[in-house]
Amino acid sequence: EALDNFAKAFVTSGSKFLAGNKLTIADYKVLPFLFGLSLPFVQKKSGVKLAPRLAQYVQDIMPLMKSSGILTSNGGWSVKEFVESKTDFPDFVGTSLVVGEGLASSGVQTGAAKKGETAAKVYAMPASANSVAAIVCAMDAGIGGMEFCNLMEGAHLKPEYLAKNAFHQIPLYEDSEGYCVAESTAILRHIATNYAPSLYPSTPQGKAMVDWAMDLMSGTIYDVLAVKVFYPVFEFAAPPADQAAENAACLDLLAKYEQAFLSNGKKFVAGNSISIAEYKAVPLLYACLQPSVEKKTGFKMPARFVKYVEDARKEMMNAAFMENAGGYSIKEYAASKA
């Protein structure tokens, strides 16, 4: 399903690359994974086969990336060499599954963002910390606000929503001209780049540091902080088998985050001013700070992060959205689970 949706969102019959006819970092990110799936050995062992259009994408793009040879030959450690060394892995028995079928009706929309935007919508639920990141940033930038998308009633599965986001997830940003982008960090970058440049450092190194912090919060840290700590309290996920172990793992990750991004007297990730890194991190951390989370999990937020959240929220004009959203804010929702 994931690759089918990916193809429907980004792959067309007429465009060679994911962003049209220009090679981008999106292709560099995607190619190694699709290349692995395109290998006959992988198909033989997994029973998964790339749809013809995605297989063609791999064939088309490999010669255009000067360094793509590292995927096939690298002293025994390339993707191809490493995978094909796993000869003891049993062959798949059964009917192979073709993945990545379906094509986007049109290419990825490109061009300048709408100037003077004031009516953008962030489809979301206010108890979703990932969504709050995009909602509050849009509100602070003065370009729009939340459009309630009730997952409990299946609003994200309706045809009109799937036409905007085939992955049926929140948050989803839609500007007043119909341009859509999903994933909270992508939305944050879009808003900062086009409407709130002070939230994204001007130097390449500064941008990279903010991106690194956001990617950690979206992946490695999110997988523990959210999924294993406050999600079970919010009833978004099942409780872990060993809560104390997950709490310890979370504290370890936060200590490393502090060392990487908040040490040497730094108030925020980018220095003394907030950036989109704070819009990404703070809603997640704020959710873990709720009394019901500590009561039910025993997780206690380190003092440095209590201060970090407090300082960042003071800089966000619409931080109160985390506290009051008609009974469905992070704070209100957490309190309902006490």
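What you are looking at is a predicted structure, and each value in this text was computed from that prediction instead of being measured.

Caption draft 1: Highlighting unusual backbone geometry. At the junction of Ile 170 and Pro 171, the peptide bond is cis and its omega measures out at 0° in the coordinates. Looking at the element boundaries, Pro 171 is found in the loop between helix 7 (159-162) and strand 5 (172-174). Of note, the phi angle at Glu 235 is positive, near 65°, even though the residue is not glycine. Of note, Glu 235 is situated in the loop between helix 10 (222-234) and helix 11 (243-261). Positive phi is not limited to glycine here, since Asn 264 has a value of about 55°.

Caption draft 2: Inspection of helix 1 (residues 2-10) at higher detail. Those residues of helix 1 that sit buried are Asn 5, Phe 6 and Ala 7. In the core, the buried residues of helix 1 are packed alongside helix 2 (25-38).

Caption draft 3: Region of interest: the nonpolar core. Phe 230, Tyr 257 and Leu 285 are the most contacted members of the largest nonpolar core, which has 71 residues in total. A per-element tally of this core places helix 12 (residues 276-288) first, with 10 residues. When residues no more than four places from it in sequence are discounted, the contact partners of Leu 285 are Met 217, Leu 225, Leu 254, Met 301, Phe 305, Tyr 308 and Val 309. Listed in part, the 20 residues of the second largest apolar core include Val 30, Phe 35, Val 58 and Met 62.

Caption draft 4: Up close: the pairing of strand 4 (residues 144-148). Both strand 3 (residues 120-124) and strand 4 contribute to a ladder of 5 bridges, which runs parallel. Bridging from a neighbouring strand, Ala 120 pairs with Gly 144 of strand 4. Handedness of the crossover is the feature at issue here: the chain leaves strand 3, passes through helix 6 (residues 129-141), returns alongside strand 4, and the resulting connection is right-handed.

Caption draft 5: Representation of the pairing of strand 3 within the structure. Of all 5 residues in strand 3, 4 are buried; the element is thus mostly enclosed. Strand direction decides the pairing type here: strand 3 and strand 5, joined by 3 bridges, are antiparallel. Its bridge partner lying in strand 5, Lys 121 is registered against Glu 174.

Reading the values: the criteria
- Residues numbered from 1 in each chain as written.
- Predicted model: local features only at pLDDT ≥ 70, side-chain atom pairs only at ≥ 80, totals over all residues.
- Heavy atoms only, no water.
- Helix = DSSP H or I, 4+ residues; strand = E, 2+ residues; numbered from the N terminus.
- Buried < 20%, exposed > 50% of the residue type's maximum accessible area, 1.4 Å probe, protein only.
- Contact = heavy atoms within 4.5 Å.
- Core = buried A, V, L, I, M, F, W, Y, C linked by side-chain atoms within 4.5 Å.
- Pairing = 2+ DSSP bridges.
- Right-handed = clockwise from strand over helix to strand, strands pointing away.

Bear in mind that shape data such as this cannot, by itself, settle questions of function.
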